[in-house]
Amino acid sequence: MTSPSDPQELDKVPEAVVDAESKGFPVVWLLPLVAVLVGAWLVYKTMSETGPSISIRFETAEGIEQGKTLIKYRDVTVGKVDTVVLSDDLSSVTISATMAPGARTYLTEDTRFWVVRPRIGVGGVSGLSTLVSGAYIAMEPSGSGKTRRDFVGLEKPPTVTSDKQGTNYRLRADKLGSISVGSPIYYRQFDVGEVTDYKLADNHNYVDVGIFVEAPHDQYIREGTRFWNVGGVNLAMDAQGIKLEMESVVALLSGGIAFETPPQLADSPLAPEKTVFALYGSRQKSLEQPITEVMTFLVRFTGGVRGLNVGAPVEFRGVRIGTVRAIDVGPDPEGTGILVPVVLINIEPERLKAHTFIDVDAERQEKLGERDIDKLRRFVSEGLRARLQTGNLVTGQLYVDIDMFPDAEPATIGKVGDYYEIPTLPNPLEGILAGINSVLAKLEAANFEQTLTSLNELMVSTNQLVQELERDAPGLMTDARATLQSATDTLESLQGIASKDGEIGNELYRALEELRSAARSIRVMSEYLERHPEALIKGKGNSP
């Protein structure tokens, strides 16, 4: 057998011939390539059907179950919760969820999520269906803004969702009152919107309230529209009487806001989105013209000012021209050293078409010029005075009345500190009571017993005169003596009857005692009426 390692045998082996025309794709690689393509298609199909993954942060995971809780929009499932984990600082929970493929376009920075569970609020009861089906996460999609995959969920459901048509506005109020999120907005007592949010201003000077008014009612909100609080019951007791206002039972329980455009401002432009309006405490205050010009004066009263409150009106012949600014005590203007009520009043010329007492320069604001003082001096010299008047006997509220009294005692304009002083007159009721007290004091001080004593002394003097005449002219005085004796007997009889122990005297003294008692009772009654004038109508009751 020839060895393969023999060189001679190796030379006899034929060489391989390479066929150049047979080059092409090796069949052996076809199967791996098909496998790669099938795998890529499966990956694409899986990713396109799975949808994007998102994370939502909540303060609590109440009602949310891992792997079960659904994410819905309009009751259509658009996602499912995968995991629920606590944050690193344990202050919140983070929910990972897989969304439906079609939700990818609507996952933006304006998209909102919140948990739907049974809730009871001012707007009613919501989420009752979750008592059976369990809580779920609601989604409000948005196509505007940048794409986002991590979100912060709302702890409370939004009061206004994107599917509602209307306009948002902002209101500024001195205090929140009974307003809460969800409180209704009324137009002519129709519910046309609701309060969306509220917060304290950054400078703490006012409360910022957000409201939403539904279409088409938002077309009635103009730049001159007035808003006021109608929450609860508005009970006002002032010099004008008792006023009771209530919008509805819902507003009584949960608060509310009403709006109206005054007729003179009905042609003002439509208010654009997020226009800021003032929120007034009542409809009456919303209709008042804003006061920007005031002149402060001082008035001092010698009597009591019980029933006069800060904010009470200042009137001139029934027309309101100002407001009581402050009430205090100060020295008597006559220099007696006795403290008397001191009242600061603001005269508001904008309430008058023609400025009666002063000519206001808008640039001066609260400063008075010499022309104003000269005009006031002339009016005071002609009888301009201030006095307290009872606005309503039921409430006992007082107001400051300014009028012309030509018969008043002369007076001049004074100045106390920074304020000019307007002379005053007593309250008319005080004058009446003072007159009654003066008459009663004189009746009580009357001494009828002294009068009877003087009459007795006169009778004794007359007797002595008769005796002297009898000595000097016995014949002439015989008849006179009989006449005088008869008169004496009559006077003695009258004296006996009119004495304290006599029949008439006893009755007279008894009448005097009753008159004195009545005088004291009337004085007590007059003093009580001075403090409580409302008792003339509703009686004494439980008043002190």
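Residues numbered from 1 in each chain as written. Predicted model: local features only at pLDDT ≥ 70, side-chain atom pairs only at ≥ 80, totals over all residues. Heavy atoms only, no water.

Asks: What is the right way to look at the sheet that holds strand S19 (residues 295-300) in this model?
Replies: Whether parallel or antiparallel, the strands of a sheet pair through hydrogen bonds between backbone atoms. Strands sit in the order S23-S24-S20-S21-S22-S19-S26-S25 across an open sheet of eight strands; the sheet is mixed. At either end of the open sheet lies a strand with only one pairing partner, and these are strand S23 (384-390) and strand S25 (414-416). Sheet twist, expressed as the average angle between the axes of neighbouring strands with direction ignored, equals 35°. As paired strands, S19 and strand S22 (residues 339-347) are joined by six bridges and run antiparallel to one another. Bridging across to S22, Val299 finds its partner in Val343. Its contacts with the sheet place helix H6 (residues 370-381) against S19, S23, strand S24 (398-404) and strand S26 (419-421), and it is angled at close to 70° to S23. (Pairing = 2+ DSSP bridges. Helix = DSSP H or I, 4+ residues; strand = E, 2+ residues; numbered from the N terminus. Axes fitted to C-alpha atoms, helices over the stretch in contact; angles between N-to-C directions. Contact = heavy atoms within 4.5 Å.)

Asks: Sorry, what's going on with the nonpolar core here?
Replies: Considering soluble globular proteins, one finds that nonpolar side chains tend to be buried as a cluster. Residues Leu308, Ile345, Val400 and Ile402 are the most contacted members of the largest nonpolar core, which totals 28 residues. Secondary-structure elements contributing two or more residues to this core are S19, strand S20 (313-316), strand S21 (319-331), S22, H6, S23 and S24. (Core = buried A, V, L, I, M, F, W, Y, C linked by side-chain atoms within 4.5 Å. Buried < 20%, exposed > 50% of the residue type's maximum accessible area, 1.4 Å probe, protein only.)

Asks: Whenever I open this one, H6 confuses me. Can you help?
Replies: The α-helix advances 3.6 residues per turn, and as a result positions three or four apart in sequence lie on the same side. Taking 1.5 Å of rise per residue, 12 residues should cover 16 Å, and H6 covers 16 Å from first to last C-alpha, within 8% of that figure. Looking at H6, one finds that the buried residues are Asp372, Ile373, Lys375, Leu376, Phe379 and Val380. Looking down the long axis of H6, one finds its buried residues gathered within 160° of arc, a one-sided arrangement. When the buried face of H6 is taken as reference, the exposed residues oriented beyond 90 degrees from it are Glu370, Arg371 and Ser381. Here the buried face of H6 lies against S19, S23, S24 and S26. (Expected span 1.5 Å × (residues − 1). Arc of directions from axis to C-beta.)

Asks: I keep staring at the side chain of Thr108 and nothing clicks. Help me out?
Replies: Secondary-structure assignment places Thr108 in the loop between strand S4 (93-99) and strand S5 (112-116). Within polar-contact distance, the side chain of Thr108 engages the backbone oxygen of Ser144 at 2.7 Å. (Polar contact = N/O pair within 3.5 Å; in protein donor to acceptor, adjacent residues only side chain to side chain.)

Asks: Which parts of the structure should I look at to understand the sheet that holds strand S17 (residues 257-260)?
Replies: The mixed closed barrel is built from seven strands, whose spatial order is S10-S13-S12-S11-S17-S14-S18. Each adjacent strand pair in this sheet contributes to an overall mean axis angle of 35°, direction not counted. Here strand S11 (residues 184-187) runs beside S17; their pairing, made up of two bridges, is parallel. Bridged to Ile185 within S17 is Ile257.

Asks: Got a minute to help me understand the packing of aromatic side chains in this structure?
Replies: For any pair of aromatic rings, geometry is given as the distance between the ring centres together with the angle between the planes. Counting across every chain of the model gives six aromatic pairs. When the ring of Tyr169 is compared with that of Phe277, the centres are 6.1 Å apart and the planes differ by 65°; the resulting orientation is edge-to-face. With Tyr169 in strand S10 (residues 166-173) and Phe277 in strand S18 (residues 276-280), this pair connects stretches of sequence that are 108 residues apart. Taking the centre distance of 5.1 Å and the plane angle of 10° together, the rings of Tyr187 and Tyr220 count as stacked. Taken together, the positions of Tyr187 in strand S11 and Tyr220 in the loop between strand S13 (207-214) and strand S14 (226-229) put the pair 33 residues apart, joining distant regions of the chain. By relative accessible area, Tyr220 is classed as partly exposed at 37%. Here the guanidinium or amino end of Lys72 rests over the ring plane of Tyr136, the centre of that ring lying 5.0 Å away. Looking at Arg378, its charged tip hangs above the ring of Phe379, at a distance of 5.0 Å from the centre. (Phe/Tyr/Trp six-rings, centres within 6.5 Å; stacked < 30°, edge-to-face > 60°. Lys NZ or Arg CZ within 6 Å of the ring centre and 35° of its normal.)

Asks: Even after reading the chapter, I still don't get the pairing of S10, so can you show me in this structure?
Replies: Sheet faces and side chains relate simply in a regular strand, where the side chains alternate between the two faces. Of the pairings in the sheet, the one linking S10 to S13 comprises eight bridges and is antiparallel in character. Across the sheet, the residue bridging to Tyr169 is Ile211, located in S13. When S10 meets S18, the two strands line up parallel, connected through three bridges. Note that in S18 the partner of Arg172 across the bridge is Ala278.

Asks: Even after reading the chapter, I still don't get the pattern of salt bridges, so can you show me in this structure?
Replies: Side chains that carry opposite charge are capable of pairing whenever their charged atoms lie near each other. For the coordinates displayed, the defined rule picks out 11 salt bridges. Across the pair Glu194 and Lys164 runs a salt bridge whose closest N-O atoms are separated by 3.6 Å. With Glu194 in strand S12 (residues 190-200) and Lys164 in the loop between strand S9 (150-152) and S10, the pair connects residues that are 30 residues apart, well separated along the chain. Judged by its relative accessible area of 16%, Glu194 falls in the buried class. Overall, Lys164 belongs to the partly exposed group, its relative accessible area being 35%. (Salt bridge = Lys/Arg side-chain N within 4 Å of Asp/Glu carboxyl O.)

Asks: Would you mind showing me how to read unusual backbone geometry here?
Replies: Note on backbone geometry: most residues besides glycine have negative phi, and most peptide bonds are trans. In this structure, the amide linkage connecting Ala215 to the following residue, Pro216, adopts the cis form with an omega of 5°. Assignment of secondary structure puts Pro216 in the loop between S13 and S14. A positive phi angle is found at His204, which is not glycine, with a value near 65°. Looking at His204, the relative accessible area reads 58%, which means it is exposed. Phi is positive for Arg317, close to 55°, though the residue is something other than glycine. You can see Arg317 is positioned in the loop between S20 and S21. Look at Arg317 and you get exposed, because its relative accessible area is 53%.

Asks: Can you help me understand the pairing of S21 in this one?
Replies: Sheet analysis places S20 next to S21, joined by four bridges and oriented antiparallel. The partner of Val314 across the bridge, within S21, is Gly322. Hairpin connection of S20 to S21: two residues between the antiparallel strands, including Arg317 at a positive phi of 55°. Two strands pair when backbone bridges link them, and S21 and S22 are joined in this way by nine bridges, in the antiparallel orientation. In the strand pairing of S22, Pro331 is matched with Leu339.

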